[in-house]
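Analysis of the macromolecular model
Spelled out, the chains give:
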Amino acid sequence: MKTLTKNFFLFGTVGWCMEIIFTALHSLQKRDLKLTGNTSLWMFPIYGCGTFIVPLSKLIKKWHIAARGLFYAILIFTVEFVTGRFLWKRDSCPWDYSHSKWNISHVIRLDYTPFWMGVGLLFEKLGKIFH
């Protein structure tokens, strides 16, 4: 239980940092050199759910890296969809992908698959390092 809690805070913090960097770099498209990044308090527990990648990674450790990455992306999309729809129905969802042609129900962007694959593999690696 101690490791699960530790990983929850680790992944929540890493997720927040990634999101702040990602949104700050996105501001370059708008030529906003302030590079202001942002996130939401809701995102901490959502990214914290990445802790469940650690025990799952032990079950699929022999899979090819691309298969593991795709598995993690599907897992992340599932959490993103469930939490996104839950928050959307309460007018509290901090993201809205409705502008993307790759969106599903406003809360998932399929074109983010490579990014989520990378995040899953990063969380897998962090779980090994900090376990």
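Residues numbered from 1 in each chain as written. Predicted model: local features only at pLDDT ≥ 70, side-chain atom pairs only at ≥ 80, totals over all residues. Heavy atoms only, no water.

Digging into the pattern of salt bridges
One pass over the full model with this rule turns up 2 salt bridges. Of the charged contacts in the structure, one is a salt bridge between R68 and E124, with a shortest N-O distance of 2.9 Å. Pair noted here: R68 is in helix α4 (residues 65-89) and E124 is in helix α5 (residues 113-129), with a separation of 56 residues, a long-range link. When the shortest N-O distance is used, the salt bridge between R109 and D111 registers 2.6 Å. Judged by its relative accessible area of 31%, D111 is partly exposed. (Salt bridge = Lys/Arg side-chain N within 4 Å of Asp/Glu carboxyl O. Helix = DSSP H or I, 4+ residues; strand = E, 2+ residues; numbered from the N terminus. Buried < 20%, exposed > 50% of the residue type's maximum accessible area, 1.4 Å probe, protein only.)

Quick look at α5
Between its first and last C-alpha, α5 extends 24 Å over 17 residues, near the 24 Å set by a 1.5 Å rise per residue. Taken together, the buried positions of α5 are occupied by T113, W116, V119, G120, F123, E124, L126 and G127. Buried residues of α5, seen end-on, are gathered within an arc of 165° and therefore sit on one face of the element. Turned more than 90 degrees away from the buried face of α5 sit P114, K125, K128 and I129, all of them exposed. Residues of α5 that are buried sit in contact with α1 (2-26), α2 (43-48), α3 (53-59), α4 and β2 (108-109). (Expected span 1.5 Å × (residues − 1). Arc of directions from axis to C-beta. Contact = heavy atoms within 4.5 Å.)

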